[in-house]
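Residue-level listing of the chains:
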Amino acid sequence: MHAVLDHAEHDRVSLLYEVSQILATRQSGVLGLASAVFDVMHRALRLRSGVLVLDCAVARCVRAWRGELDVDDERYLRIARERARSMYRFLVGEGPRPREDGSTRGSFVVLPLVVSGSPILGALQVEQTRPLRETDLVFISTVVNQLAVELARRSAIIAVRAAERVRRRAAERDRAVAERDLLAHKLLADVSAALGASLDCRTTVAKSVAHAVPLLGDVCVVEALDVRGRPERLGTAFAGLDDPRLADEVLQAARMQPGDGPATVSDLSLSPPWRKASVARIPLVAQGNAVGVLALAMVRSGRRYGEHHLALAQELGRRLAMSIANARLHEEAEIANRQRQDVLAMVSHDLRSPLNAILFVAQSMLRTPVASDRRKGDRKKAEIVKRCADRMNRLIQDLLDLTSIEAGHLSVDLRRTALAPTVQAAIDAAGPAADAKRQRLEVRLPDEPLVVLCDGCRIIQVLSNLVGNAIKFTPPGGAVTISAERDAHGVVVRVSDTGPGISEAHLPHVFERYWQARETASKGTGLGLYIAKGIIDAHGGDIGVASELGRGATFHFTLPIPAGAEHAPSEAAG
């Protein structure tokens, strides 16, 4: 026996090489490798038993091998396993050093499986019937080091693979999030395009909810309050279901309520053939006012609404609410505008009928010859009545023009028109007012006749307003000048005065509706220049003003020239 052991000791170098070859094959699992390594150690040392404790990424287990033990020594093998566990806990600082209980039948050693700078991977316990010699310990330590290196290598590979799996899962998760965000951005872009295409919310909302499925559910329903405060369904969309009864059930569960609160998600039991749905209820609120509700349901997909679904649905609801609120405001404005037009039409008709009678009587009195002082007094009264009636007629016409301009329906009858007679008609109308203030009315037109494309009556209206304003604000003894000339864009007409001028701060506002400077607020309605601008805009021209305080003001506007009209005959305004 001793001769065999001595021979094994001499052959341990070759056995260590055999161990390295076993570990180098790496073809079996770690426990298979450990069994093969234990067989080599047993051939070298005639071991009584061996126990491997593994606590690393490769494995977490305790494995025992029977060496020189008899078959009936199973109980002793369990004791060896428990001793190895206790020693390992002591090595890693998780328990006290085990006390010898006398159960050992020989000598044993426990060595940690560790590579320098790394955590302990486990421990190997071997037991021999005779005392272990120093050469035995060197052999065992060398084998343990080789086994530890292989365990460390395999643990590193497992760690790398685990890290790769984590990275791959994170990349897949990031890709899924990016795809989800891309779909969400596309949904919102499509909805914004649909909502911006029209102010008819019935059309735009119906198109918008069609984009919400199937990304935000299998069913999408929008209900809103109409201009009279009554609920109205504006849009319904399905993801392949097309069941009106299903939409009714979803909307019933999410219907608007007084004092609508935040968005909610709930489960809804449905009638057959559907069973259960996850329902998201999004109140539609614009500027603090509830305008409707967005109801979404996931029916057959098995999904439930999560935070990202709810966030996207709330943004969709915000855009729908703003669009519906704007559409309602537009609808209310249209109704108010139609009502105003109806009132103005009625007022203009009902006022003009008695006004025409008043004018007829006043004109008849003015045509009657004066035969006495009493008749002279009556004539003066008739003149006053006629002036007041004319002013009321102008006010009524201004209101009608204002309504037409705001509605974009101001009509102009464009014709080839000679400018000189048009200017003269305005001068003739303004003559009495200028004479009353001893002002000069001057006309400066080129010798060459100017022909423009315009509505002569409307241009007389513009000139009368500009000349009338100039007379009104020019002090007695001053002058008002009308001039015209051709330029590259048409004919430019100017009305200049020697009045006090307009301050630079007031210039941007002179064509605004109802606007008047504070110092002149009692001299008109503030509609004349606004209407003048509307008339020139309808002609496709421009109107503006230039002025300095103390140096008067010059208003100018442009009119188009018809093709080939430089010397052609034209129609006079009339």
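Residues numbered from 1 in each chain as written. Predicted model: local features only at pLDDT ≥ 70, side-chain atom pairs only at ≥ 80, totals over all residues. Heavy atoms only, no water.

**Some thoughts on unusual backbone geometry**
Omega for the peptide link from valine 213 to proline 214 comes to 0°, which places this bond in the cis form. Mapped onto the elements, proline 214 comes out in the loop between α6 (201-212) and β5 (219-225). The residue arginine 46 is not glycine, and still its phi comes out positive at about 50°. With respect to the element layout, arginine 46 can be found in the loop between α3 (30-45) and β1 (47-55). Overall, the relative accessible area of 31% leaves arginine 46 in the partly exposed class. Residue glutamine 287 is not a glycine yet carries a positive backbone phi of 55°. (Helix = DSSP H or I, 4+ residues; strand = E, 2+ residues; numbered from the N terminus. Buried < 20%, exposed > 50% of the residue type's maximum accessible area, 1.4 Å probe, protein only.)

**Regarding the packing of helix α2 (residues 12-25) against helix α5 (residues 134-196)**
Contact geometry for α2 and α5: axes closest at 10 Å, N-to-C directions at 15°. The angle between α2 and α5 places the two elements in the roughly parallel class. Judged by the twist between their axes, the crossing of α2 over α5 is right-handed. From α2, Arg12, Leu15, Leu16, Val19, Ser20 and Leu23 reach across to α5, where they touch Thr135, Asp136, Phe139, Thr142, Val143, Gln146, Leu147 and Glu150. Residues of the contact of α2 with α5, tallied by class, amount to seven nonpolar, four polar and three charged. (Axes fitted to C-alpha atoms, helices over the stretch in contact; angles between N-to-C directions. Parallel < 35°, antiparallel > 145°, perpendicular 65-115°, else oblique. Left-handed = near helix turned anticlockwise from the far one by under 90°. Contact = heavy atoms within 4.5 Å. Nonpolar A, V, L, I, M, F, W, Y, C, P; charged D, E, K, R; others polar.)

**Overview of α3**
Under the 1.5 Å per step criterion, the end-to-end length of α3 is 22 Å for 16 residues, consistent within 8% with the ideal 22 Å. Three or more residues of α3 are buried, namely Val30, Leu33, Ala34, Ser35, Val37, Phe38, Val40, Met41, His42, Ala44 and Leu45. Arginine 46 sits one or two residues past α3 and shows a positive phi near 50°. (Expected span 1.5 Å × (residues − 1).)

The values are spatial; any link to function lies outside them.
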